[in-house]
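# Inside the fold
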Amino acid sequence: MSPSRTAVVVGGGPAGRGLAHRLRERGVSTTLVDPHPDRTWRATYAAWTDELPNWLSDNAFASQMDTVAVSARTRREIARGYTVLDNAALAAELDLGGVALVTSTATSVSPRQVVCADGSVLHAEQIIDCRGALPHDAPYQTAFGIVVDARDAEPILDGAGALLMEWTGPRQLGAAGSPLPSFLYAVPLGDGTVLLEETCLAGHPALPLAELHHRLLVRLGDHYPSVLRTESVNFPLVGASTTPWKDPVFRFGAAGGLKNPTTGYSVAASLACADLVAAAIAEGADPVAALWPTSARLVHDLRLRGLSALLGLSVDETLDFFEAFFTMPISAQRSYLSGRDDLAGTLEAMGRVISKVGMRTRLKVGRGAVAGHGWVDVAAEQVTAGPA
């Protein structure tokens, strides 16, 4: 490690702030560029507990469950811990003491230079783009949610601490008659409230928020509670390119391939990988090579193929798929959902699911996986990242 190493992190979301924090822990002279570095993040972030790095204290957690319920054809409990993060406490944990702050928007980012709207021009040995991605031609995850009093959510949770995926129940199509399925996601936020969110896992084109709002109304029916506030989700499931290790500027976080394209989760992976990248930069090594060994590249491609396969399934085939997925051992589920460089485990999990679904679904999944990710045809340099 050399204290003379320099880095500029562009974007102050959880990925960028987390990386800047870990770089300073490694003695790297770090600058963070973000127009609002103290703004509280508004989205609800959650993760499987075992994905989170051990340097993150319990103070950053809003709520934790030892199990979560899922329901495709049948309801079952998944014995794997799940954590909802406290955004304000998480930001405090990712302390920026010793990090130089530039409160401006980056207008140009290259491998050795960042130009900002306030006229600042920053140079460093390592530039890391953590701004996320602007809308581009890719499948999207969309969701419409309401935050309600925990007591009002009790009939909906029906004894579960949290509902990760509730596919069963009313799934009436809206006026547009979209065939895309959606599920209910319901988690306690740790302050006496619960988020109830109708979610479309993946759509290309995306399922509109108005349609998801309608479906939530239909699903909850007479149990629709008083709403404290609303929350919406609308983001691409693929980063700025499908091969982030080839990007001209090193990207980290959601736009840099750390979002799982089959689930939409990225925060835990970004926090967990921050030390790996920070260590490489501190030692003068290539952070791309550290973050993207061959196994991680192959798993990333398999996940993109999995997303392509999911997009082609009907409502019934989607339920069959997730029924098969959640009957697998927890270890196999973990390999596919969280093992970003676990090639053998990912292949085994995919094989287990395919072997358990019907022939029609099996053929569709196989065709989608073979077809790959032709739905996104854009080079990394053609997609401009936006501020966090």
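Cut-offs applied
Residues numbered from 1 in each chain as written. Predicted model: local features only at pLDDT ≥ 70, side-chain atom pairs only at ≥ 80, totals over all residues. Heavy atoms only, no water. Domains from an automatic or database assignment. Contact = heavy atoms within 4.5 Å. Buried area = accessible area lost by both parts, 1.4 Å probe. Salt bridge = Lys/Arg side-chain N within 4 Å of Asp/Glu carboxyl O. Polar contact = N/O pair within 3.5 Å; in protein donor to acceptor, adjacent residues only side chain to side chain. Nonpolar A, V, L, I, M, F, W, Y, C, P; charged D, E, K, R; others polar. Pairing = 2+ DSSP bridges. Helix = DSSP H or I, 4+ residues; strand = E, 2+ residues; numbered from the N terminus. Phe/Tyr/Trp six-rings, centres within 6.5 Å; stacked < 30°, edge-to-face > 60°. Buried < 20%, exposed > 50% of the residue type's maximum accessible area, 1.4 Å probe, protein only. Lys NZ or Arg CZ within 6 Å of the ring centre and 35° of its normal. pLDDT = per-residue confidence, 0-100. Axes fitted to C-alpha atoms, helices over the stretch in contact; angles between N-to-C directions.

Considered domain by domain, the chain is made up of domain 1 (6-37 + 96-136 + 239-292), domain 2 (140-159 + 166-236) and domain 3 (295-371). For domain 2 versus domain 3, the distance between C-alpha centres works out to 24 Å. The interface of domain 2 with domain 3 comprises eight residues on the first partner and seven residues on the second. For the pair domain 2 and domain 3, the two sides together bury roughly 680 Å², of which 81% comes from carbon and sulfur. At the boundary of domain 2 and domain 3, one finds zero salt bridges. Linking domain 2 to domain 3 there are zero residue pairs in polar contact (both at pLDDT 80 or more). Tallied by class, residues from the side of domain 2 that touches domain 3 come to five nonpolar, two polar and one charged.

Attention now goes to the pairing of strand β14 (residues 163-166). With three bridges joining them, strand β5 (residues 68-71) and β14 adopt parallel strand pairing. If you follow valine 70 over to β14, its bridge partner there is methionine 165. Note: β14 against strand β15 (residues 183-188), two bridges, orientation antiparallel. Pairing of glutamate 166 across the sheet is with leucine 184, part of β15.

Glancing now at the packing of aromatic side chains. All chains considered together, the criterion is met by nine aromatic pairs. Measuring from ring centre to ring centre gives 5.5 Å for tryptophan 48 and tyrosine 82, while their planes differ by 80 degrees; the resulting arrangement is edge-to-face. Of this pair, tryptophan 48 sits in strand β3 (residues 46-48) while tyrosine 82 is found in strand β7 (residues 82-85), placing the two residues 34 residues apart along the sequence. No difference in accessibility class separates tryptophan 48 from tyrosine 82, as the two residues are buried. Arranged with centres 6.3 Å apart and planes meeting at 25 degrees, the rings of phenylalanine 322 and phenylalanine 326 form a pair that is stacked. On the criterion of helical spacing, the pair formed by phenylalanine 322 and phenylalanine 326 is a turn pair, its members being four residues apart in helix α8 (residues 315-326). This pair shows no difference in class: phenylalanine 322 is buried, exactly as phenylalanine 326 is. Three or more aromatic residues joined by ring pairs form one cluster here, namely Trp167, Phe183, Phe321, Phe322, Phe325, Phe326 and Tyr336. The lysine or arginine in question, arginine 22, covers the ring of tryptophan 55, its NZ or CZ lying 4.1 Å from the ring centre.

Here the focus is the pairing of β5. On a regular strand, each side chain points to the face opposite its neighbour's, so the side chains alternate between the two faces of the sheet. Residues Val68 and Val70 of β5 are buried on one face, and the alternating residues Ala69 and Ser71, pointing to the opposite face, are buried as well. Summarising the sheet, β5 and strand β6 (residues 75-78) pair through four bridges and their orientation is antiparallel. Residue serine 71 lies in a different strand from β6, and its bridge partner there is arginine 75. Hairpin connection, β5 to β6: the antiparallel pair is bridged by three residues.

Mean pLDDT for the chain: 90, with 91% of residues reaching 70 or above. Considering only residues more than four positions removed or in separate chains, one finds that residues 172-176, a stretch of pLDDT under 50, has 11 contacts. Every residue in residues 375-388 scores below 50 in pLDDT, and together they form 38 contacts with partners more than four places removed in sequence or on other chains.

Below, the discussion takes up the pattern of salt bridges. Tallied over the entire structure, the rule returns 15 salt bridges. Between arginine 22 and aspartate 275 there is a salt bridge; the shortest N-O distance is 2.8 Å. Of this pair, arginine 22 sits in helix α1 (residues 14-25) while aspartate 275 sits in helix α5 (residues 267-282); the two residues are 253 residues apart in sequence, bridging distant segments of the chain. Neither arginine 22 nor aspartate 275 differs from the other in exposure class; each is buried. In this structure, aspartate 320 engages arginine 73 in a salt bridge whose closest nitrogen and oxygen atoms are separated by 3.1 Å. Here arginine 73 lies in the loop between β5 and β6 and aspartate 320 lies in helix α8, a separation of 247 residues in the sequence. For aspartate 320, a relative accessible area of 29% translates into the label partly exposed. The exposure class assigned to arginine 73 is partly exposed, which follows from its relative accessible area of 41%. Overlapping salt bridges bring together Asp50, Arg80 and Arg334 as one network.

With mixed pairing, the seven strands of this open sheet are ordered in space as β6-β5-β14-β15-β16-β13-β17. Each edge of the open sheet carries a strand with a single partner, namely β6 and β17 (229-236). Sheet twist, expressed as the average angle between the axes of neighbouring strands with direction ignored, equals 20 degrees.

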